There are 2 protein chains.
Amino acid sequence: MDREEQVAADVSNEVPTREELVRARARVEGIVRRTPIETCRTLDERSGASLFFKCEHLQRGGAFKLRGATNAVASLTDDEAARGVATHSSGNHAAALAIAAGRRGIAATIVMPVDAPAIKRAAVEGYGARIVSCGPTLAEREATLAQVVAETGATVVHPYDDARVIAGQATAACELIEDVPDLDVIVAPIGGGGLLSGTALAARHFAPNVRVVGAEPAWADDAAESLRLGVRQPQRPPRTIADGLRTAIGVLPFAILRAHEVAIEVVDEDTIVEAMRTTWERAKLPIEASAAVAVAVALRGGFAGKRVGVVLSGGNVDLARLPWQHA
Amino acid sequence: MDREEQVAADVSNEVPTREELVRARARVEGIVRRTPIETCRTLDERSGASLFFKCEHLQRGGAFKLRGATNAVASLTDDEAARGVATHSSGNHAAALAIAAGRRGIAATIVMPVDAPAIKRAAVEGYGARIVSCGPTLAEREATLAQVVAETGATVVHPYDDARVIAGQATAACELIEDVPDLDVIVAPIGGGGLLSGTALAARHFAPNVRVVGAEPAWADDAAESLRLGVRQPQRPPRTIADGLRTAIGVLPFAILRAHEVAIEVVDEDTIVEAMRTTWERAKLPIEASAAVAVAVALRGGFAGKRVGVVLSGGNVDLARLPWQHA
């Protein structure tokens, strides 16, 4: 039985419970920032809805990823913790795991492809993690990570296909639900699915009347396709500007989204860039393209008259190359 | 006796009192947003201080200017209000006056040079003001404004050389002082001086132990020179990237800053751009160059160990042309 079959056979074994979400809230407190909620009249007018932006671009590390990483690190036994944590990533998860490990005072090793941007390497090193370089392919990353684990005994913290990570990501929606009463909808972007599945669990347990909607680039729509067909689909060659969402949906997130019948809406590239620019220009919230995918869905007019929470997942952007300058 | 001598002769006639600041607070409530305070560990580390950013870039209209415009509009008698307000400006004050007039339901006429950016014209029109175009020189602007006043009887609301405007701008520092206990210093940028003189008055009346420091571009340092010499100096041809600070200091702001012995620190262009970029990249606060001048002063290391309020004056930026892309 491969992992897919295992999860399918008994999802309840892995899916974080209400109690695990409550425990995650307590664990992230003091490490993860309770980010503010922002609003913007111009975007309300354009959407016909009342939008409440959960500002995870103001999270430490510039993205929601610190939530899952912190919960995963806090879940380790002292023995496990002593051997450290490891992952392969050149994105927001790498920075998040570095910060979370640093807060517990344990080692973090990040496997990064040699062609990762210098600014990302510097950020991860700045947070105190060790970087091990590898070739650019997924196979090379995985082989290098396996070697790190063999040498150090570190626990691998997967960026999304991990119940502790999902429970951590759920804390963003938990806060949003507490801070904004009477929400009708929460929109969150989907890449690997950690954030969206956590959001679905948070709504289920703490605001069962809130509908959760996923936002996915049309050029990376494996999650929408997977849910439509009932079987995980491979990602097409990822070209979307929303680089945080190029990943294929994970096994556990897929099972959770499927069980909760979460709808996913897809948006094209121009709409993503336009939503990103409008959010910068009018709301003064400098979000990355992945976050703009959720804004694009919220602006589309499908939520007229509703109170809509929008998870702005991150704000790590190369300021030297903004997408509208290359349109 | 010209206006300069008049003010010098009896400043107390014009300088807003404590009571006028209290009244301004009440008038702006419900129209002006009480903007949040943000912090950033990276910027704290770089400055050696604890920085508290007053986020006026999240103000309606994208700048603190709405405060002064709202107080000025609220100060009008019903007769005056019926004839409307007018100003010449292509910047943040134009948008602010348009919004403030709209909230009172009165007419606003904005005299704008023909070469003003289309996006600024559209914003002002979007807020419901009437635009009258004129030639690009100051003389043409003033002649056109005089004509508007002759035709409509509108009250001219000057962007900074006006006691009601200064009292309105003071409300930003009043909120900052309330929200952040035990501040040692407040840094604010200076162009015409409405914000900085209001900040000085707020500190004087509500936090007398707080030192107020002005931040000015070296390429537009007329205020620093004026205070050093004790007489208002003309602005040199303004080239600074901080376009909101190219104006020369006003008569009344100068008198207030002089009376309160406010120190002004100047910063060069590279330092402004670097501070702006760092604030975007690390704090995720998309401020305009004029606001970055205050951040640059705060980062310079002169406030080690202090609790420093920094007024982020605005966030209206042309996203197609960011300064570090043209360095």
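Residues numbered from 1 in each chain as written. Chains lettered and ligands numbered in written order. Predicted model: local features only at pLDDT ≥ 70, side-chain atom pairs only at ≥ 80, totals over all residues. Heavy atoms only, no water.

(A) The packing of helix α2 (residues 18–28) of chain A against helix α10 (residues 194–206) of chain A, seen in detail. Residues and elements named next belong to chain A. Two elements in contact, α2 and α10, have axes separated by 10 Å at closest approach and are oriented at 110 degrees. With respect to each other, α2 and α10 are oriented roughly perpendicular. Across from Arg18, Leu21 and Val22 in α2, the residues of α10 making contact are Leu201, Ala202, His205 and Phe206. (Axes fitted to C-alpha atoms, helices over the stretch in contact; angles between N-to-C directions. Helix = DSSP H or I, 4+ residues; strand = E, 2+ residues; numbered from the N terminus. Parallel < 35°, antiparallel > 145°, perpendicular 65-115°, else oblique. Contact = heavy atoms within 4.5 Å.)

(B) Summary view of the interface of chain A and chain B. If you look at the interface, chain A gives 27 residues, while chain B gives 27 residues. Both sides of the chain A and chain B interface together cover about 2,100 Å² of buried area, and 50% of this is carbon and sulfur. It is Arg41, Lys284 and Leu319 of chain A that lose the most area in chain A upon contact with chain B, and together they represent 31% of the buried surface on that side. On inspection of chain A and its partner chain B, the count reaches two salt bridges. A salt bridge links Arg33 of chain B to Glu38 of chain A; the shortest N-O distance between them is 2.9 Å. In this assembly, chain A and chain B are joined by 13 residue pairs in polar contact (both at pLDDT 80 or more). If one sorts the elements of the side of chain A that touches chain B by residue count, helix α13 (residues 269–281) of chain A sits on top with three residues. Of the residues in the side of chain A that touches chain B, the class split is 12 nonpolar, five polar and 10 charged. (Buried area = accessible area lost by both parts, 1.4 Å probe. Salt bridge = Lys/Arg side-chain N within 4 Å of Asp/Glu carboxyl O. Polar contact = N/O pair within 3.5 Å; in protein donor to acceptor, adjacent residues only side chain to side chain. Nonpolar A, V, L, I, M, F, W, Y, C, P; charged D, E, K, R; others polar.)

(C) Representation of the sheet that holds strand β4 (residues 108–113) of chain B. All names here are of chain B. Here we have four strands laid out as an open sheet, ordered β5-β4-β3-β6, and parallel in their pairing. The sheet terminates laterally at β5 (130–134) and β6 (155–156), the two strands that pair on one side only. Note that strand β3 (residues 85–88) and β4 share four bridges and pair parallel. Bridging across to β4, Val85 finds its partner in Ala108. Across the sheet, helix α6 (residues 92–104) lies against β3 and β4, angled at about 165 degrees from β4, the strand it touches most. (Pairing = 2+ DSSP bridges.)

(D) Focus on the pattern of salt bridges. Under the counting rule described, the total for this entry stands at 26 salt bridges over all chains. Across the pair Asp162 of chain B and Arg164 of chain B runs a salt bridge whose closest N-O atoms are separated by 2.5 Å. Residue classification places Arg164 of chain B among the partly exposed positions, given a relative accessible area of 26%. Connected via shared salt-bridge partners are Arg25, Arg34, Glu178 and Asp179 of chain A. (Buried < 20%, exposed > 50% of the residue type's maximum accessible area, 1.4 Å probe, protein only.)

(E) Expanded view of the confidence of the model for chain A. Of all residues in chain A, 96% attain a pLDDT of 70 or more, and the chain-wide mean is 94. The ipTM, which scores confidence in the relative placement of chains, is 0.88 for this predicted complex, and the corresponding pTM is 0.91. (pLDDT = per-residue confidence, 0-100.)

(F) The arrangement of the pairing of β3 of chain B in detail. Residues Val85 and Thr87 of chain B line one face of β3 of chain B and the alternating positions Ala86 and His88 of chain B line the opposite face, and both faces are buried. A crossover links β3 of chain B with its parallel partner β4 of chain B, the connecting element being α6 of chain B, and its sense is right-handed. (Right-handed = clockwise from strand over helix to strand, strands pointing away.)

(G) View of the sheet that holds strand β2 (residues 50–55) of chain B. Here six strands make up an open sheet; going across it, the order is β1-β2-β10-β7-β8-β9 (chain B) and the pairing mixed. Strands with a single pairing partner mark the edges of an open sheet, and in this sheet they are β1 (37–38) and β9 (263–267) of chain B.

(H) Local environment of helix α13 (residues 269–281) of chain B. Residue and element names in this part refer to chain B. Given a rise of 1.5 Å per residue, 13 residues ought to cover 18 Å, and the 18 Å separating the end C-alpha atoms of α13 matches this to within 8%. Here α13 has its buried residues at Glu269, Ile272, Val273, Ala275, Met276, Thr278, Thr279 and Trp280. The backbone nitrogen of Asp270 lies 3.4 Å from a side-chain oxygen of the residue at the head of α13, namely Asp268. (Expected span 1.5 Å × (residues − 1).)

(I) How the structure looks around the relation of the copies chain A and chain B. At an RMSD of 0.0 Å, chain A and chain B line up after a rotation of 180 degrees and a shift of 0.0 Å along the axis. The transformation just described matches what one would write down for a two-fold rotation axis. Proximity to the rotation axis, assessed at the C-alpha, singles out Pro286 of chain A in chain A; its C-alpha lies 3.2 Å from the axis. Of the interface residues in chain A, 100% have counterparts in chain B that sit at the interface too, so the contact is made through matching surfaces. (Least-squares fit on C-alpha atoms with pLDDT ≥ 70 in both.)

(J) How the structure looks around helix α4 (residues 65–75) of chain B. All names here are of chain B. Burial analysis of α4 places nine of its 11 residues in the buried class, the great majority of the element. Listing the buried residues of α4 in full gives Lys65, Leu66, Arg67, Gly68, Ala69, Thr70, Asn71, Ala72 and Val73. Buried residues along α4 sit against α2 (18–28), β2, β3, α6 and α9 (163–179).

(K) How the structure looks around the side chain of Lys284 of chain A. Counting through the fold element by element, Lys284 of chain A comes out in the loop between α13 and α14 (289–299). Nearest to the buried, unbridged Lys284 of chain A among oppositely charged side chains is Glu288 of chain B, at 6.7 Å. One polar contact links Lys284 of chain A to Asn316 of chain B, side chain to side chain, over a distance of 2.6 Å. The contact partners of Lys284 of chain A, leaving out residues within four places of it in the chain, are Thr279 of chain A together with His57, Leu58, Gly62, Pro286, Gly315 and Asn316 of chain B. (Lys, Arg positive; Asp, Glu negative; His and termini not counted.)

(L) Structural detail: the packing of helix α10 (residues 194–206) of chain B against helix α12 (residues 251–259) of chain B. Residues and elements named next belong to chain B. Between α10 and α12, the least distance of the axes is 9 Å, while the angle of their chain directions is 40 degrees. Between α10 and α12 lies a crossing of left-handed hand. Every residue of α12 that contacts α10 at Gly194, Leu196, Ser197, Ala200 and Leu201 is listed here: Pro253, Ile256 and Leu257. Among the residues making up the contact of α10 with α12, the classes are represented as six nonpolar, two polar and no charged. (Left-handed = near helix turned anticlockwise from the far one by under 90°.)

(M) The nonpolar core, seen in detail. Phe53, Val187 and Trp280 of chain A together with Phe53, Val187 and Trp280 of chain B are the most contacted members of the largest nonpolar core, which totals 80 residues. If we skip the residues at most four places from it in the chain, Phe53 of chain A touches Pro36, Ile37, Glu38, Thr39, Cys40, Leu43, Leu285, Val295, Val310 and Leu312 of chain A. (Core = buried A, V, L, I, M, F, W, Y, C linked by side-chain atoms within 4.5 Å.)

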